[in-house]
Every structure is written in structure tokens, then in C-alpha cells.
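# Structural features, examined
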Amino acid sequence: LPIKQKVLAEIKRVFGKRAEEAIAVAKCESGLNINAVSRTADYSIFQINAIHTKRFGSEFMTSWKENIAVAKRLFDEQSWRPWYSSDKCHQLAYK
């Protein structure tokens, strides 16, 4: 399978009923680019900031599967609030 199909399948598996929202946020954040890195040190599919290495380690910065897993942990704790500061994507984060 192409990488984007693998990414979509993993988001669906991890987020379950909330997968549609998660996919919309991930597409907006990175275009599902597993190698995306912003100038503000946000990484991979869900553009998770490097500040989260203190809690989750650094694997989410280089592993797209771990990036999805950490995004789900953040979502479980705070809903879509961690993505609120993303100006272009914040409306997706508050459905």
C-alpha cells in the first residue's frame, strides 16, 4: 500500500469513531506528510510540537505510527485543544 493509505488506515484504527475528525485535522496540519517539520518544531502527520518529548519521548518526531499514537493520547486528554493554536486548522479541532 502507498504510505498515505497506510497512514489513513492507522488513523482509522487508532481513532475509531473520531477518525473522520482526526483525518481532517491531520490533512490540514501536514497533508498527511509523514516527514513534515514546521519552523516551530512541529513534527509529522499531526504536527506535534517538540515540547511533548518531555512526556512522550522523541519517537513521535520520526515515527509516523508513534505520531498518531501520541496524537490520540493528547486527544484523549484534551480533545482537539492541542491543535487549537493552528490558525488554519483550529475550526476542525472544535467540531
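Model, not experiment: these values are computed from the prediction.

## Here we look at the environment of V25
Tracing the chain through its elements places V25 in helix α2 (residues 19-30). Residue V25 is classed as buried on the basis of its relative accessible area, which comes to 0%. Expressed as a C-alpha distance, the spacing of V25 and C89, which sit 64 residues apart in the sequence, is 6.4 Å.

## A word on the pattern of salt bridges
Evaluation of the coordinates by the stated rule reveals four salt bridges. Its salt-bridge partner being R18, residue E21 comes within 2.6 Å of it at the nearest N-O pair. Accessibility expressed as a relative area gives 15% for E21, which makes it buried. The class of R18 is partly exposed, set by a relative accessible area of 30%. In this structure, R55 and E77 form a salt bridge, with 2.5 Å as the shortest nitrogen-oxygen distance. Residue R55 is located in helix α3 (residues 53-56), and its partner E77 is located in helix α4 (residues 64-78); the two are separated by 22 residues in the primary sequence. Since its relative accessible area comes to 47%, R55 is described here as partly exposed. The class of E77 is partly exposed, set by a relative accessible area of 43%.

## A short note on α4
Over its 15 residues, α4 extends 21 Å from the first C-alpha to the last, a length consistent with the 21 Å expected when each residue adds 1.5 Å. Of the positions making up α4, those classed as buried are W64, N67, I68, V70, A71, K72, L74 and F75. Once α4 finishes, S79 follows within two positions and takes phi at roughly 55°, a positive value.

Reading guide: rules and limits
- In this numbering scheme, every chain counts its residues from 1 along its sequence in written order.
- pLDDT decides what is reported in this predicted model: residues at 70 or higher carry local features, side-chain atom pairs at 80 or more are listed and counted, and totals for whole chains, interfaces and linings draw on all residues regardless.
- Side-chain metrics rest on all non-hydrogen atoms present in the structure, leaving aside hydrogens and water.
- Helix and strand definitions here come from DSSP, where helices need a minimum of 4 consecutive H or I residues and strands a minimum of 2 consecutive E residues; each element is numbered from the N-terminal end.
- Remark: exposure states derive from per-residue accessible area (1.4 Å probe, protein chains only) relative to the maximum for the residue type, with buried under 20%, exposed over 50%, and partly exposed in between.
- The salt bridge criterion pairs a side-chain nitrogen of Lys or Arg with a carboxyl oxygen of Asp or Glu, the two atoms within 4 Å.
- For a helix, the expected span equals 1.5 Å multiplied by the residue count minus one.

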